[in-house]
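Per-entry structural report
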Amino acid sequence: MRIRRLLGLALATATLAGVSAVGAATAQAATYPTISSEQCTAQGGTVNQGGPYRGPTCSLPDGHSEAIT
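Structural notes on the nonpolar core
Counting 5 residues, the largest nonpolar core consists of I35, C40, C58, L60 and I68. If sequence neighbours within four positions are ignored, I35 has contacts with C40, C58, E66, A67, I68 and T69.

Spelled out as structure tokens, the structure:
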């Protein structure tokens, strides 16, 4: 009985670690890194100056925007 409990605990721990790793990888893949204004224009993007509460952004030809560092 004790062996079953230990195996169940080990399986639950491994499953939880696997789900956490998949979630972290998915979150990392879904975010775009920030780029410089030079990199933005080199990739064919347009630099938008932003506003009083928002920093400059880059609008890239594929349709997404990134924050400029």
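Next comes the rest of the description.
A few points about the sheet that holds strand β1 (residues 46–48)
Within the open sheet, the 3 strands sit side by side as β1-β2-β3. Their pairing is antiparallel. Of all the strands in the sheet, just β1 and β3 (65–67) have a single pairing partner and so form its edges. Sheet twist, expressed as the average angle between the axes of neighbouring strands with direction ignored, equals 30 degrees.

As for the environment of Q49
With respect to the helices and strands, the residue Q49 is situated in the loop between β1 and β2 (57–59). Residue class for Q49 comes out exposed when judged on its relative accessible area of 62%. C-alpha of Q49 to C-alpha of I68: the two residues are 19 residues apart in sequence and 9.5 Å apart in space. Once you skip the residues sitting within four places of it in the chain, Q49 turns out to touch R54, G55 and P56.

What about the state of the cysteines?
Overall, the coordinates contain 1 disulfide when judged by the stated rule. The disulfide partner of C40 is C58, and the S-S distance across this bridge is 1.9 Å. In this structure the cystine formed by C40 and C58 twists about its S-S bond by roughly 85 degrees; its chirality is therefore right-handed. With C40 in helix α2 (residues 37–42) and C58 in strand β2, the pair connects residues that are 18 residues apart, well separated along the chain. On the accessibility criterion, C40 (0% relative accessible area) is buried. A relative accessible area of 0% means that C58 is categorised as buried.

Procedures and definitions
- Residues numbered from 1 in each chain as written.
- Predicted model: local features only at pLDDT ≥ 70, side-chain atom pairs only at ≥ 80, totals over all residues.
- Heavy atoms only, no water.
- Core = buried A, V, L, I, M, F, W, Y, C linked by side-chain atoms within 4.5 Å.
- Buried < 20%, exposed > 50% of the residue type's maximum accessible area, 1.4 Å probe, protein only.
- Contact = heavy atoms within 4.5 Å.
- Pairing = 2+ DSSP bridges.
- Helix = DSSP H or I, 4+ residues; strand = E, 2+ residues; numbered from the N terminus.
- Axes fitted to C-alpha atoms, helices over the stretch in contact; angles between N-to-C directions.
- Disulfide = S-S within 2.5 Å.

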